[in-house]
Amino acid sequence: MPRPVTLFTGQWADLPLEKLAPLAKQMGYDGLELACWGDHFDVEAAVASKRYRQQLWELLGDHGLTCYAISNHLVGQAVCDPIDERHRAILPPEVWGDGDPEGVRRRAAKRLAQTGKAARAFFDAKPGGKPSHRVVVNGFTGSSIWATLYAFPPTSQDHWEKGYADFARRFGPILETFEKADVYFALEVHPTEIAFDLATAIRALAAVKHHPRFGFNFDPSHLGYQGVDYVKFIRTLSDRIFHAHVKDVWWGRGDGSVGVFGGHTSFGDARRHWEFRSPGRGDIRFEDVIVALNDIGYAGPLSVEWEDIRMDRVHGATEAAAFVRRLDFPRGSAAFDAAFERKRGS
């Protein structure tokens, strides 16, 4: 059975959910990966109000949609980051508070832990009974050591290890809350996070002592332009792929004046070496991705995170849903050459 095709609502938070839901159905989606910003998923209301949870499911159901995951990237970013004014623009006012960096980090950690409780309460309220699928919260972690990426001034492994220790100290209690709620946290491996490639993903897992609730929201778009083997990522961390994004990127473009680090250019600048593209229009080998996901037995949704600054988003998200449906296929249940064998006695 093909996997459900969902739309991540983070890039659509300017639309109220009551308008986005019918549009998503019209564009061809089975469900939504609900972002915890805009009015798409209110963490505090989901914890406190049975009626809120019911109304949210009713809204989705009225438009023939479902949900498999909640995402709280923006709050997660503040858990481990050095905090500055940029965070104020993406955080709820009550998490930002007075802006004291350590206070912001602690309030962000508390809200992310609360997101796990909210996800469990929400999915337990799903019409028809509790879901059979894994309950997942996707998100970011931030990182206290991202600024040392280039290792100059000379940076020791001891310095980096302190960053992973900081991550483990801050995320340990969050993961314990997720454990109690029977929810999984899926880090979207991404520049600026504690894990931004395969090597750092392995190191992050080790830092939290391979906590069973810590895994990954696989997104090849953040790996390909770096030169990371994103198919190897799936196969290496096969038991930790809790969710999957379908998001494309191209690289090796531009005029040669801007490299992988982006040259302080804005998205859409023709000089850029890489750019996010509508699925199927970039350089990600999605056929290889689907084969690898089938090989590891991933049965969760394929969630489109749509970003392409040069394209109308409704056009793009509509073609993306159709692209994913053409792309996906169920894993075979028998060897193709099994029919060649003769039955005994024939």
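**Student:** Looking at this structure, how should I read the overall build of the protein chain?
**Tutor:** Each helix and strand counted, the protein chain has 13 helices and 10 strands in total. With the principal axes as the frame, the protein chain shows a C-alpha extent of 75 × 55 × 45 Å. Counting all 346 residues of the protein chain, 53% fall into the buried class. Within the protein chain, contacts between residues separated by at least 24 positions form 76% of all contacts whose residues are at least 6 apart in sequence. As displayed, the protein chain has an accessible area near 16,200 Å², and 53% of this comes from carbon and sulfur atoms. Of note, the protein chain has its 43 positive side-chain charges centred 5 Å away from the centre of its 45 negative side-chain charges.

**Student:** So what exactly am I meant to see when it comes to the side chain of His87 here?
**Tutor:** Secondary-structure assignment places His87 in helix 5 (residues 85-88). Given a relative accessible area of 3%, His87 falls into the buried group. Setting aside chain neighbours within four positions, we find His87 in contact with Gln77, Ala78, Asp81, Pro82 and Trp96.

**Student:** Please clarify how the sheet that holds strand 1 (residues 5-8) should be interpreted in this entry.
**Tutor:** Note: strands within a sheet are paired through backbone hydrogen bonds, in either parallel or antiparallel orientation. Strand order in the closed barrel formed by 8 strands is 1-2-3-4-5-6-7-10, with parallel pairing between adjacent strands. Across the sheet, the axes of successive neighbouring strands diverge by a mean angle of 35°, strand direction being ignored. As paired elements, strand 1 and strand 2 (residues 31-35) share 3 bridges and run parallel to each other. By the bridge assignment, Phe8 is partnered in strand 2 with Glu33. Helix-sheet contacts for helix 12 (residues 286-295) involve strand 6 (214-218), strand 7 (241-246) and strand 10 (302-304), and the interaxial angle to strand 7 is about 160°.

**Student:** Can you walk me through the packing of aromatic side chains in this structure?
**Tutor:** Going through the model one piece at a time under the given rule, you end up with 21 aromatic pairs. Between the aromatic rings of Phe178 and Phe185, the centroid separation amounts to 6.1 Å while the plane-to-plane angle is 80°, which identifies the pairing as edge-to-face. Across this residue pair, the class does not change: Phe178 and Phe185 are buried. Ring centres of Phe214 and Phe216 lie 5.5 Å apart, and the angle between their planes is 75°; on these two criteria the pair is classed as edge-to-face. Judged by its relative accessible area of 0%, Phe216 falls in the buried class.

**Student:** Mind showing me how you'd approach the nonpolar core here?
**Tutor:** Within soluble globular proteins, side chains that are nonpolar generally end up buried alongside one another. Core analysis: the largest hydrophobic core is formed by 99 residues, its most contacted members being Leu34, Phe41, Ile70, Phe122, Phe214 and Phe233. Ignoring any residue separated from it by four or fewer positions in sequence, one finds Phe214 in contact with Phe167, Leu175, Phe185, Leu187, Ala204, Leu205, Val208, Arg240 and Phe242.

**Student:** How should a nonpolar patch on the surface be read in this particular structure?
**Tutor:** On the surface, Leu149, Tyr150, Phe152, Val260 and Phe261 cluster together into a nonpolar patch covering about 630 Å² of accessible area. Among the structural elements, Leu149 can be located in the loop between strand 4 (136-139) and helix 8 (157-181). Classification of Leu149 as partly exposed rests on a relative accessible area of 36%.

**Student:** Please explain the pattern of salt bridges as it appears in this structure.
**Tutor:** Any two side chains of opposite charge can pair, given that their charged atoms come close. Per the stated rule, a full pass over the model turns up 29 salt bridges. Measuring nitrogen to oxygen at the nearest pair gives 2.9 Å for the salt bridge that ties Asp84 to Arg86. Residue Arg86 is classed as exposed on the basis of its relative accessible area, which comes to 61%. Residues Lys162 and Asp158 are paired through a salt bridge, measuring 3.7 Å at the closest nitrogen-oxygen approach. Here Lys162 pairs with Asp158, and both are found in helix 8, just 4 residues apart, close to one helical turn.

**Student:** Explain the pairing of strand 2 here, please?
**Tutor:** Side-chain direction in a regular strand flips from residue to residue, so the side chains alternate between the two faces of the sheet. Counting buried positions over the 5 residues of strand 2 gives 5, a clear majority of the element. The alternating pattern of strand 2 places Gly31, Glu33 and Ala35 and Leu32 and Leu34 on opposite faces, both of which are buried. Handedness of the crossover is the feature at issue here: the chain leaves strand 1, passes through helix 1 (residues 17-27), returns alongside strand 2, and the resulting connection is right-handed. As paired elements, strand 2 and strand 3 (residues 66-71) share 4 bridges and run parallel to each other. Residue pairing across strands places Ala35 opposite Ser71, the latter belonging to strand 3.

Each value, and the rule that gives it
- Residues numbered from 1 in each chain as written.
- Predicted model: local features only at pLDDT ≥ 70, side-chain atom pairs only at ≥ 80, totals over all residues.
- Heavy atoms only, no water.
- Helix = DSSP H or I, 4+ residues; strand = E, 2+ residues; numbered from the N terminus.
- Buried < 20%, exposed > 50% of the residue type's maximum accessible area, 1.4 Å probe, protein only.
- Contact = heavy atoms within 4.5 Å.
- Areas by Shrake-Rupley, 256 points an atom, 1.4 Å probe, with all protein chains shown as cover.
- Lys, Arg positive; Asp, Glu negative; His and termini not counted.
- Charge placed at Lys NZ, Arg CZ, Asp CG, Glu CD.
- Pairing = 2+ DSSP bridges.
- Axes fitted to C-alpha atoms, helices over the stretch in contact; angles between N-to-C directions.
- Phe/Tyr/Trp six-rings, centres within 6.5 Å; stacked < 30°, edge-to-face > 60°.
- Core = buried A, V, L, I, M, F, W, Y, C linked by side-chain atoms within 4.5 Å.
- Patch = residues over 30% accessible without salt bridge, like charges linked within 9 Å, V, L, I, M, F, W, Y side chains within 5 Å.
- Salt bridge = Lys/Arg side-chain N within 4 Å of Asp/Glu carboxyl O.
- Right-handed = clockwise from strand over helix to strand, strands pointing away.

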